[in-house]
Amino acid sequence: ISSILQKQINRETDYAFRYGGEEFLLMLGFTDSLGANIVASRINKALHEAKLPHCKSPINQYITVSMGIATISDKECTFLELLDKSDKALYVAKESGRNTIIHSRPEKVMS
């Protein structure tokens, strides 16, 4: 999976990290939600084409991926707040039937 992730990000501002047992974190610098969705879709496609066996899964015979996407809006956001937003979106993706991409809702900016 890490090899697939690395092949789908190719800019100097993009990084992939293992974050927990079966979770990965991608940081895509200078990327809006549309750009993040494009990268997520490429990852999904590459993983689907790889057909990596998931022997212990009662849900799917191949490994699939659920993704939570969060982006920084006009309001300043700490790394931990951004991580929390993406984590919440990830769990919505998992609860929505897995193998899906969910975007966090950006907070409304108050002037």
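If you're wondering where the values come from, they're calculated on a predicted model, not measured in any experiment.

## Re the overall build of the protein chain
Argument step 1. A tally of regular secondary structure across the protein chain gives 3 helices and 4 strands.
Argument step 2. Across the protein chain, helices and strands are ordered from the amino to the carboxyl terminus as α-β-β-α-β-α-β.
Argument step 3. For 111 residues, the compact-globule estimate of 2.2 N^0.38 gives 13 Å, and the protein chain sits close to it at 14 Å.
Argument step 4. The C-alpha extent of the protein chain, read off along each of the three principal axes, is 50 × 30 × 25 Å.

## Observations concerning the pattern of salt bridges
Argument step 1. Summed over all chains, the structure comprises 4 salt bridges.
Argument step 2. Residue Glu49 is joined to Lys45 by a salt bridge in which the shortest nitrogen-to-oxygen separation is 3.1 Å. Of this pair, Glu49 and Lys45 both sit in helix 2 (residues 33-50), separated by 4 residues, roughly a single helical turn. Both residues of the pair, Glu49 and Lys45, count as exposed.
Argument step 3. With a closest N to O distance of 3.1 Å, Asp84 and Lys88 form a salt bridge. Placement of both Asp84 and Lys88 in helix 3 (residues 79-95) is noted, with a separation of 4 residues, approximately one turn of the helix.
Argument step 4. In this structure Asp84 comes out as partly exposed when scored by relative accessible area, which is 37%.
Argument step 5. Take Lys88: its relative accessible area is 54%, and that puts it in the exposed class.

Cut-offs and rules
- Residues numbered from 1 in each chain as written.
- Predicted model: local features only at pLDDT ≥ 70, side-chain atom pairs only at ≥ 80, totals over all residues.
- Heavy atoms only, no water.
- Helix = DSSP H or I, 4+ residues; strand = E, 2+ residues; numbered from the N terminus.
- Rg over C-alpha atoms; globule rule 2.2 N^0.38 Å.
- Salt bridge = Lys/Arg side-chain N within 4 Å of Asp/Glu carboxyl O.
- Buried < 20%, exposed > 50% of the residue type's maximum accessible area, 1.4 Å probe, protein only.

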